[in-house]
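Chains, contacts and geometry: an overview
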Amino acid sequence: MDQRDPHRKPKPRHSGPPPQRGRHEGERRPAAASGLWLYGMHPVEAALANPARRVRRLLLTEEAEAALAARLPKPWAIQAERIDRDRLDAMLGRGIVHQGMALQTDPLASPSLADALKRPGPVLVLDQITDPRNVGAIMRSAQAFGAALVIAQERNAPEEGGALAKAASGALERIPLLRTVNIARALIALKAADIWVMGLDAAGATRLSGPGLGGRRAALVLGAEGEGLRRLTRETCDELVSLAMPGGMESLNVSAAAAVALYEIIR
């Protein structure tokens, strides 16, 4: 994607549905009755190791149970059910790389913005990035480079789910993903917290420079595929920045751009 497109509070684990209550900005949507399915070694292992994750069912092939136990010794939060690979293929869909394991869970609860900002590091803001694989890859980079949190819009952004969690490779359990109704208002809140807000844009006149931040805490805003940053989002940023690309390419995929920009910010 181009540059213009460019923990949570622990809850006791149990198998019942969460209590119903009002939702505030920054909270994830309540769980559906059937929960959601995570699959693959890294997402399942990380979710089972996360005390804040409410789990419902764990389906494992014989080989997958042995592999998971080697990485995450038992006892687990839930007893595994044996399943054969063909049944798991049929349940999740052909072509899904599940590695013989699937975990049914409730979505994660999310801390408030104020609590999430107590974590050190830069902030990533996603302005209507809709591909769950891109969002997952961005979360993986955010965790790798020590970001504090990721903010996405309540609408026009992917739900927490298997594809996002697989691309995040366990980062979904380790870094908060906050939802906001209004990106511009979230940026204003970040500014009020003394965070310098930068929109990543190929046309940005300023080259992104970690040393150039002078020690300021930063937030990086990334825009959607093909559309880039929306007008109000651009206008709310403190400045628009671009990546130095001496090889002459005009743009990068948004997840690649996020990784390069985060590395530059933490230099």
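Right above here is the structure, for reference.
Remarks on the sheet that holds strand 1 (residues 36-39)
Across the sheet, 4 strands lie side by side as 1-4-2-3; this open sheet has mixed pairing. Looking at strand neighbours, the two that pair on one side only are strand 1 and strand 3 (80-82), the edges of this open sheet. Averaged over all pairs of adjacent strands, the angle between strand axes in this sheet comes to 25°, irrespective of strand direction. Summarising the sheet, strand 1 and strand 4 (residues 101-105) pair through 4 bridges and their orientation is antiparallel.

Structural notes on the environment of Pro111
With respect to the secondary-structure elements, Pro111 resides in the loop between strand 4 and helix 4 (113-116). For Pro111, a relative accessible area of 7% translates into the label buried. Between the C-alpha atoms of Pro111 and Leu178, which are 67 residues apart in sequence, the distance is 7.6 Å.

Some words on the pattern of salt bridges
The final tally for this structure, using the stated rule, is 15 salt bridges. Of the charged contacts, one joins Arg57 and Glu81 as a salt bridge, the two residues approaching to 2.8 Å between their closest N and O atoms. Placement of the pair is Arg57 in strand 2 (residues 55-60) and Glu81 in strand 3, with a sequence separation of 24 residues. Put simply, Arg230 and Asp127 hold a salt bridge, and the shortest N to O gap is 2.6 Å. On the criterion of sequence distance, the pair formed by Arg230 in the loop between strand 10 (218-223) and helix 8 (231-236) and Asp127 in strand 5 (residues 123-127) is long-range, its members being 103 residues apart. For Asp127, a relative accessible area of 0% corresponds to the buried category. Beyond isolated ion pairs, a larger network of salt bridges with shared partners links Arg53, Glu160 and Glu173.

What to know about the packing of helix 5 (residues 132-144) against helix 9 (residues 254-266)
Packing of helix 5 against helix 9 brings their axes to within 8 Å, and their N-to-C directions diverge by 15°. Judged on the interaxial angle alone, helix 9 and helix 5 are roughly parallel. In terms of crossing hand, the pair formed by helix 5 and helix 9 is right-handed. Counted together, Asn134, Ala137, Ile138, Ser141 and Ala142 of helix 5 and Val254, Ser255, Ala258, Ala259 and Leu262 of helix 9 form the full contact between these two elements. Here the contact of helix 5 with helix 9 is composed, by residue class, of 7 nonpolar, 3 polar and no charged.

Calculation notes
Along each chain, residues carry numbers from 1 onward, in the same order as the chain's sequence is written. Local features in this predicted model are restricted to residues of pLDDT 70 or higher, and side-chain atom pairs are both shown and tallied only at a pLDDT of 80 or more, whereas totals for entire chains, interfaces and linings draw on every residue. As a convention, hydrogens and water are excluded, and side-chain values are obtained from all of the structure's heavy atoms. Any two strands between which DSSP finds at least two bridges are classified as paired. Each helix is a run of DSSP H or I of at least 4 residues and each strand a run of E of at least 2, with the numbering of both proceeding from the N terminus. Think of each axis as a best-fit line through the C-alpha atoms, taken over the contacting stretch in the case of a helix, with angles from 0 to 180 degrees between the N-to-C directions. The buried label applies to any residue whose accessible area, calculated with a 1.4 Å probe on protein chains only, is under 20% of its type's maximum; exposed applies above 50%, and partly exposed to all values in between. Should a side-chain nitrogen of Lys or Arg be within 4 Å of a carboxyl oxygen of Asp or Glu, the pair is scored as a salt bridge. Throughout this description, any angle smaller than 35 degrees is read as roughly parallel, any larger than 145 degrees as roughly antiparallel, any in the 65 to 115 degree range as roughly perpendicular, and the remainder as oblique. Helix crossings fall into two classes, left-handed where the near helix is turned counterclockwise from the far one by less than a right angle and right-handed where it is turned clockwise. Should any heavy atoms of two residues lie within 4.5 Å, those residues are counted as being in contact. Only Asp, Glu, Lys and Arg are considered charged, only Ala, Val, Leu, Ile, Met, Phe, Trp, Tyr, Cys and Pro nonpolar, and every remaining residue, Gly among them, polar.

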